[in-house]
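# Fold and geometry: a report
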Amino acid sequence: MTVINIKTPMSKEDRKKLKAGDHVQISGTIYTGRDAAHKRMIEALKKGSPLPVDFTDQLIYYVGPSPAKPGEIIGSAGPTTSGRMDAYTPELLEKGLGGMIGKGNRSEKVINSMMNHVAVYFGCVGGAGALLQSCIKSVEILAYEDLGTEAIRKIEVENFPAIVVIDTQGNNLYETERKKYLK
Amino acid sequence: MKTIQTKKIIDTVAEMCIEANTFLSEDMLESLRTAESSEESENGKEILKTMLDNFEVAKRRTIPICQDTGMVVMFVSFGQDLMIADGSLEDALQAGVAKGYEEGYLRKSVVADPFIRTNTNNNTPAVIHYKVVPGDQLKIKILPKGFGSENTSALKMLKPSDGMAGVRDFVIKTVEAGSPNACAPIVVGVGVGGTMEKAALMAKEALGRPLWMRNPLDHVAALEDYLLEACNNLGIGPMGLGGVNTVLGVNVEVFPTHIAGLPVAVNISCYVNRHVEREL
């Protein structure tokens, strides 16, 4: 199996090259955010306030890590279900977000918005929090610290394994792969 | 009369919370190994291998298998001849959860009010179900329940005329809709009969039954086998990315019900399906 190494931030040109089914290893800065942080960001946009991060060409990782043990920088850190962020994602894509990392299906509205804004959706193995933690090299809380595990963190990752599940053309592995094994 | 100290209960529950979140139970491990060797999809095989590798990392470094260390569900069998020496059983069980989640560096995922949503910061309260039984033993079973899978669960009040076919259909549709989000290969707990809440409770309890154990009633065991095969024919596969392993096990529990009803509840668990049991 070939693995494509990618570096963040990812330009539109870089994103277009990825195809659903590609196995990748992500290195560079990514941002964490899940339910409560998304809600707050969208509320900020509604009020005309700026987002805490410039998401242009950046990737957001849907994760709420467990606490770090003494001497470590972060706890277990696997993906959470992406579908809960569907209500908020199109607005972030409009602000330039280049892609998302999570697990599970996305809504039609999100996929259409991804196609309009040339964004990629990566899936990683749910529950593999201990393994994925070892790819995280630094962690900094950027915003909404009061949200605890749901705060927005800037994290540096090295060779973070993921699969392109929905590409910029809207090809969706959840649909294409299942058909091959449906009896 | 046998007496038990609350400290013993607190310490035991704390240990169980950490154990359940860090180490995989034997039945789940065996079942995932079998899935890995039988998986036909290349993505699926790779994903199952990653899952097995992750268990090793979690065990070696004693960190949680998954960051979602769940909301704790507890089944407590309390022997009627047993006495708690120095306090409340409920308080001790809840204090044990708080201690385990603090000392084990487990994630605190519980909010105090479903609308206001402020974190309680110690993962309490746990949802505790009590049963008073003969004898003087205290049996505690804990299932830290992650919500990626919990959210894909469902309950329906079927009509008696829907029968076995209606139950099969509802279970399969629930699995089909939920598996990609629930971290497949999943475990499916099904409760049929009783009342609305009895069906839900049986579905939850069914998740804690070892995967190799079938329901002792022949027609229910046959339903379990049927559902396992039918769900694995859906093609959804590990993490929903295609394959022949969508479901690791289906456990069905039944209970007498009303002449007018056929309640069915489906509780879904991810492939980790954390459960630990101890007797004091």
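Refer to the structure above for everything that follows.
The structure reproduced in this document is the subject of the present report.

Parameters at a glance
Residues numbered from 1 in each chain as written. Chains lettered and ligands numbered in written order. Predicted model: local features only at pLDDT ≥ 70, side-chain atom pairs only at ≥ 80, totals over all residues. Heavy atoms only, no water. Phe/Tyr/Trp six-rings, centres within 6.5 Å; stacked < 30°, edge-to-face > 60°. Helix = DSSP H or I, 4+ residues; strand = E, 2+ residues; numbered from the N terminus. Buried < 20%, exposed > 50% of the residue type's maximum accessible area, 1.4 Å probe, protein only. Lys NZ or Arg CZ within 6 Å of the ring centre and 35° of its normal. Pairing = 2+ DSSP bridges. Axes fitted to C-alpha atoms, helices over the stretch in contact; angles between N-to-C directions. Contact = heavy atoms within 4.5 Å. Patch = residues over 30% accessible without salt bridge, like charges linked within 9 Å, V, L, I, M, F, W, Y side chains within 5 Å. Areas by Shrake-Rupley, 256 points an atom, 1.4 Å probe, with all protein chains shown as cover. Salt bridge = Lys/Arg side-chain N within 4 Å of Asp/Glu carboxyl O. Right-handed = clockwise from strand over helix to strand, strands pointing away.

Attention now goes to the packing of aromatic side chains. In this description, a pair of aromatic rings is defined by centroid distance and the angle of the planes. Residue and element names in this part refer to chain A. Tallied over the full model, the rule gives three aromatic pairs over all chains. Seen in terms of ring centroids, Tyr 31 and Phe 55 are 6.1 Å apart; in terms of plane orientation they differ by 85°. Their pairing is edge-to-face. Pair noted here: Tyr 31 is in strand 2 (residues 23-32) and Phe 55 is in the loop between helix 2 (35-46) and strand 3 (59-61), with a separation of 24 residues, a long-range link. Between the aromatic rings of Tyr 61 and Phe 160, the centroid separation amounts to 5.1 Å while the plane-to-plane angle is 75°, which identifies the pairing as edge-to-face. You can see Tyr 61 sitting in strand 3 and its partner Phe 160 sitting in strand 7 (residues 152-166), a full 99 residues away along the chain. A relative accessible area of 0% means that Tyr 61 is categorised as buried. Judged by its relative accessible area of 0%, Phe 160 is buried. Just above the ring of Tyr 144 sits the side chain of Arg 40; from NZ or CZ to the centre is 5.0 Å.

All names here are of chain B. Pairing is mixed across the open sheet formed by four strands, whose spatial order is 4-2-5-10. On the outer flanks of this sheet lie strand 4 (127-133) and strand 10 (276-279), each paired with one strand and no other. Ignoring strand direction, the axes of neighbouring strands in this sheet form an average angle of 15°. In the sheet, strand 5 (residues 138-145) pairs with strand 10 via four bridges, with the strands oriented antiparallel. Considered in strand 10, the bridge of Ile 140 is made with Arg 278. Its contacts with the sheet place helix 1 (residues 6-22) against strand 2 (71-79), strand 5 and strand 10, and it is angled at close to 40° to strand 5.

With that settled, the discussion passes to a nonpolar patch on the surface. All names here are of chain B. Taken together, the side chains of Leu 155, Met 157 and Met 196 present a nonpolar region at the surface, about 290 Å² in accessible area. Here Met 157 lies in strand 6 (residues 154-158). Residue classification places Met 157 among the partly exposed residues on the basis of a relative accessible area of 48%.

Turning next to the pairing of strand 1 (residues 3-7) of chain A. Residues and elements named next belong to chain A. Sheet topology places strand 1 next to strand 2; five bridges connect them, and they run parallel. Residue Val 3 lies in a different strand from strand 2, and its bridge partner there is His 23. You can see the chain leave strand 1, run along helix 1 (residues 12-17) and come back into strand 2, and the turn it takes is right-handed.

This paragraph deals with unusual backbone geometry. For residues that are not glycine, phi is negative in most cases, and the peptide bond is trans in most cases. Residues and elements named next belong to chain B. Cis rather than trans, the peptide bond between Thr 124 and Pro 125 has omega equal to 0°. When you line up the elements, Pro 125 lands in the loop between helix 4 (89-103) and strand 4. Looking along the chain, the bond that leaves Ala 184 and enters Pro 185 is cis, with omega of 5°. The residue Pro 185 is located in the loop between helix 6 (163-178) and strand 7 (186-194) in this model.

All names here are of chain B. Spatially, 6-9-7-8 is the arrangement adopted by the four strands of the open sheet, whose pairing is mixed. Each edge of the sheet is formed by a strand with only one pairing partner; in this case those strands are strand 6 and strand 8 (247-257). Going from strand to strand, the sheet's axes swing by 15° on average, the running direction of each strand aside. Here strand 7 runs beside strand 8; their pairing, made up of nine bridges, is parallel. Pairing of Gly 191 across the sheet is with Glu 253, part of strand 8. Sitting on the sheet, helix 7 (residues 196-207) touches strand 6, strand 7, strand 8 and strand 9 (262-269), and the angle it makes with strand 7 is about 150°.

By themselves, these are just geometric observations and shouldn't be taken as functional.
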